[in-house]
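# Coordinates in review
Here is how the chains run, residue by residue.
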Amino acid sequence: MSATITADLQSRNWTELPVDVTATILSKVGAIEILTSVQYVCSSWLRICREPSMWRSIDMRNLGDPCDMEYDLEKMCRHAVDLSHGLLLSINIEFFGTDDLLNYIAERAMSYWLYVVDGLCSDIGA
């Protein structure tokens with residue numbers, strides 16, 4: 001990399017990106033990461049992360065053991081659903097969904113598609 005390109009990258013202020021570009025980038029990050037860290041980077045990212053349009057599709061897929069998590073996935077999921085302000089279209093609660101959580105989602109979403117893989121959410125319908 002040339003010295004000019006390196007200097008440009010080091011001096012670029014990423015918080016000055018247009019809001020729609022930043023929102024597109026942040027939409028590629030998972031809900032868990034947004035709720036635990038991304039939204040706290042700066043005030044402009046916090047504003048973007050609070051926009052209901054960011055929460056139309058919520059991917060709370062957790063590949064680890066929910067019991068080993070340092071945070072409560074169900075509580076985080078409820079918060080993400082609330083941030084959607086009824087605009088939720090799709091959600092993935094694979095590995096930790098419960099009947100109570102499904103009811104919570106259904107009561108707050110105007111319309112939605114729910115993705116739960118059969119047999120992976122052992123607390124649903126138990």
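Structural data are supplied above this passage.
Below, the structure is looked at part by part.

Cut-off values and rules
- Residues numbered from 1 in each chain as written.
- Predicted model: local features only at pLDDT ≥ 70, side-chain atom pairs only at ≥ 80, totals over all residues.
- Heavy atoms only, no water.
- Helix = DSSP H or I, 4+ residues; strand = E, 2+ residues; numbered from the N terminus.
- Phe/Tyr/Trp six-rings, centres within 6.5 Å; stacked < 30°, edge-to-face > 60°.
- Lys NZ or Arg CZ within 6 Å of the ring centre and 35° of its normal.
- Buried < 20%, exposed > 50% of the residue type's maximum accessible area, 1.4 Å probe, protein only.
- Arc of directions from axis to C-beta.
- Polar contact = N/O pair within 3.5 Å; in protein donor to acceptor, adjacent residues only side chain to side chain.
- Contact = heavy atoms within 4.5 Å.
- Axes fitted to C-alpha atoms, helices over the stretch in contact; angles between N-to-C directions.
- Parallel < 35°, antiparallel > 145°, perpendicular 65-115°, else oblique.
- Nonpolar A, V, L, I, M, F, W, Y, C, P; charged D, E, K, R; others polar.
- Salt bridge = Lys/Arg side-chain N within 4 Å of Asp/Glu carboxyl O.
- Core = buried A, V, L, I, M, F, W, Y, C linked by side-chain atoms within 4.5 Å.

## Focus: unusual backbone geometry
Trans peptide bonds make up most of the peptide bonds, and negative phi angles are found at most residues other than glycine. Not every positive phi belongs to a glycine, and His85 is a case in point at roughly 50°. By the element assignment, His85 lies in the loop between helix H5 (73-83) and strand S2 (90-92).

## Digging into the packing of aromatic side chains
A full pass over the atoms with the stated rule returns zero aromatic pairs. A cation over an aromatic ring shows up here: Arg78 above the ring of Tyr104, its NZ or CZ 4.6 Å from the ring centre. Positioned above the aromatic ring of Tyr104 is the side chain of Arg108, whose terminal nitrogen or guanidinium carbon lies 3.5 Å from the ring centre.

## Looking at helix H6 (residues 99-108)
All buried positions along H6 are accounted for by Leu101, Leu102, Tyr104 and Ile105. All buried residues of H6 lie within an arc of 160° about the axis, which places them on one face of the element. Exposed residues pointing more than 90 degrees away from the buried face of H6 are listed as Asp100 and Glu107.

## Observations concerning the side chain of Gln39
In this fold, Gln39 is placed in the loop between helix H3 (31-36) and helix H4 (43-49). In terms of polar contacts, Gln39 uses its side chain to reach the side chain of Tyr40, at 3.1 Å. Aside from chain neighbours lying at most four places away, what touches Gln39 is Ile34, Trp45, Leu46, Cys49 and Arg50.

## Examining the packing of H5 against H6
Put simply, H5 and H6 touch, their axes get as near as 10 Å, and they point 5° apart. The angle between H5 and H6 falls in the class roughly parallel. Each of Glu74, Cys77, Arg78, Val81 and Asp82 in H5 lies in contact with H6, whose residues at this interface are Asp100, Leu101, Tyr104, Ile105 and Arg108. Split by residue class, the contact of H5 with H6 holds five nonpolar, no polar and five charged.

## Description of the pattern of salt bridges
One pass over the full model with this rule turns up three salt bridges. The closest approach of N and O atoms between Arg108 and Asp82, which form a salt bridge, is 3.7 Å. A residue pair is termed long-range when its members are at least 10 positions apart, and Arg108 in helix H6 and Asp82 in helix H5 qualify at 26 residues. Asp82 sits in the partly exposed class, given a relative accessible area of 35%. A salt bridge links Glu107 to Arg108, with the shortest nitrogen-to-oxygen separation between them at 3.2 Å. Its relative accessible area of 62% is what places Glu107 among the exposed residues. Judged by relative accessible area, which is 33%, Arg108 ranks as partly exposed.

## Thoughts on the nonpolar core
What tends to happen in soluble globular proteins is that the nonpolar side chains get buried as a cluster. Formed by 28 residues in total, the largest nonpolar core has its most connected members in Trp55, Ile58, Met60 and Cys77. Mapped by element, the contributors of at least two residues to this core are helix H2 (19-26), H3, H4, H5 and H6. With six residues, the top contributor of residues to this core is H5. Once residues within four sequence positions are removed from consideration, Ile58 is found in contact with Ala31, Ala80, Val81, Leu88, Ser90, Ile91 and Asn92.

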